[in-house]
Amino acid sequence: DGGITQSPKYLFRKEGQNVTLSCEQNLNHDAMYWYRQDPGQGLRLIYYSQIVNDFQKGDIAEGYSVSREKKESFPLTVTSAQKNPTAFYLCASSKTGDYGDEQYFGPGTRLTVT
Amino acid sequence: AQSVAQPEDQVNVAEGNPLTVKCTYSVSGNPYLFWYVQYPNRGLQFLLKYITGDNLVKGSYGFEAEFNKSQTSFHLKKPSALVSDSALYFCAVRDILYNFNKFYFGSGTKLNVKP
């Protein structure tokens, strides 16, 4: 099956701890994205990467970090500097050479920090 | 800047009736527009897109959308709503002018279809 996997589906952490969310894709897409979604709200872009070893900040990058060492993988670390990390996190990917191609989304990770 | 707006937080419709979920856009250059659906605690699923050509585009699950350049709108429609269509719907535009790998999403519209 081609697609995007995110793990784990649910994640619980204590305040002050860093946590890393996994995102893997086997669609051979160059671009990958992380979004945050709060209850009843839309998507906010955290980081995106257009190619391996390169990434750009989105609208709400503070308190988050990413890496892109492999084309297939784009892990997101939620650091202790993120003031309100409890949210639903969505990873996505897309082709870069085709403007008409849509984004493909993973199933999401729900992070709860207490 | 590129943007899309979904003016309705929620749309209520009775099963069997037609539904419309509204989206307007503001872009520089040609708009590349998308609709997605999200069920609770799930990722977004692609429904349909407008790139060029016919203003009426057909997508998954019987949905269609009408592109209107003069009104800068891309409303999602379905002739006969099902209870199972109840979900959160997002309109999005791809930035093909400044950063073609960036997508801008609307705030989402919750569709409630009542039996």
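Located above this text is the structure these notes cover.
Let us look at the structure shown here. (Residues numbered from 1 in each chain as written. Chains lettered and ligands numbered in written order. Predicted model: local features only at pLDDT ≥ 70, side-chain atom pairs only at ≥ 80, totals over all residues. Heavy atoms only, no water.)

## So, the environment of Lys 22 of chain B
Residue and element names in this part refer to chain B.
Move 1: Residue position: Lys 22 is located in the loop between β3 (19-21) and β4 (24-26).
Move 2: In this structure Lys 22 comes out as partly exposed when scored by relative accessible area, which is 36%.
Move 3: In this structure, the C-alpha to C-alpha distance between Lys 22 and Arg 94, residues 72 residues apart in sequence, is 18 Å.
Move 4: Filtering out sequence-adjacent residues up to four positions away, Lys 22 remains in contact with Ala 5, Gln 6, Pro 7, Glu 8, Trp 35 and His 75. (Helix = DSSP H or I, 4+ residues; strand = E, 2+ residues; numbered from the N terminus. Buried < 20%, exposed > 50% of the residue type's maximum accessible area, 1.4 Å probe, protein only. Contact = heavy atoms within 4.5 Å.)

## Regarding the packing of aromatic side chains
Move 1: Summed over all chains, the structure comprises 17 aromatic pairs over all chains.
Move 2: Between the aromatic rings of Tyr 50 of chain B and Phe 67 of chain B, the centroid separation amounts to 4.0 Å while the plane-to-plane angle is 15°, which identifies the pairing as stacked. Of this pair, Tyr 50 of chain B sits in strand β6 (residues 44-50) while Phe 67 of chain B sits in strand β8 (residues 64-68), and the two are 17 residues apart along the sequence.
Move 3: You can call Tyr 50 of chain B buried: its relative accessible area is 7%.
Move 4: Here the aromatic residues Tyr 33, Tyr 35, Tyr 48 and Phe 105 of chain A together with Phe 34, Tyr 36, Phe 46, Phe 103 and Phe 105 of chain B are joined through ring pairs into a cluster of three or more.
Move 5: Above the face of the Phe 74 of chain A ring, Arg 68 of chain A is positioned so that its terminal group lies 5.9 Å from the ring centre.
Move 6: The lysine or arginine in question, Lys 78 of chain B, covers the ring of Phe 63 of chain B, its NZ or CZ lying 5.0 Å from the ring centre. (Phe/Tyr/Trp six-rings, centres within 6.5 Å; stacked < 30°, edge-to-face > 60°. Lys NZ or Arg CZ within 6 Å of the ring centre and 35° of its normal.)

## Overview of the nonpolar core
Residue and element names in this part refer to chain B.
Move 1: Counting 26 residues, the largest nonpolar core has Leu 33, Trp 35, Leu 47, Leu 48, Phe 74, Leu 76 and Tyr 89 as the members making the most contacts within it.
Move 2: Elements supplying a minimum of two residues to this core: β2 (10-14), β3, β5 (32-38), β6, β8, β9 (73-78), β10 (87-95) and β12 (109-114).
Move 3: Element by element, the count of residues in this core is highest for β10, at four residues.
Move 4: Leave out the neighbours within four places in its chain, and Phe 74 touches Cys 23, Leu 33, Phe 34, Trp 35, Leu 48, Lys 49, Tyr 50, Val 57, Ala 65, Glu 66 and Phe 67. (Core = buried A, V, L, I, M, F, W, Y, C linked by side-chain atoms within 4.5 Å.)

## As for the state of the cysteines
Move 1: All chains considered together, the criterion is met by two disulfides over all chains.
Move 2: In this model, Cys 23 of chain A is linked to Cys 91 of chain A through a disulfide, with the two sulfur atoms separated by 1.8 Å. Taking the torsion about the S-S bond as the criterion, the Cys 23 of chain A to Cys 91 of chain A disulfide, at about -75°, is left-handed. Taken together, the residues span a long stretch of sequence, with Cys 23 of chain A in strand β3 (residues 19-25) and Cys 91 of chain A in strand β9 (residues 87-94) at a distance of 68 residues.
Move 3: Since its relative accessible area comes to 1%, Cys 23 of chain A is described here as buried.
Move 4: Linked covalently through their sulfurs, Cys 23 of chain B and Cys 91 of chain B form a disulfide whose S-S length is 2.0 Å. (Disulfide = S-S within 2.5 Å.)

## Section: the pattern of salt bridges
Move 1: Counted according to the given criterion, the structure contains seven salt bridges over all chains.
Move 2: Across the pair Arg 36 of chain A and Asp 38 of chain A runs a salt bridge whose closest N-O atoms are separated by 3.0 Å. With respect to burial, Arg 36 of chain A and Asp 38 of chain A carry one shared label: buried.
Move 3: Taking the shortest distance from any N to any O, the salt bridge between Lys 77 of chain B and Glu 66 of chain B comes out at 3.1 Å. In this pair, Lys 77 of chain B is assigned in strand β9 and Glu 66 of chain B in strand β8, connecting sequence segments eleven residues apart.
Move 4: Sharing partners across several salt bridges, the network here consists of Arg 36, Asp 38 and Arg 44 of chain A. (Salt bridge = Lys/Arg side-chain N within 4 Å of Asp/Glu carboxyl O.)

Any link to function would need more than the numbers given here.
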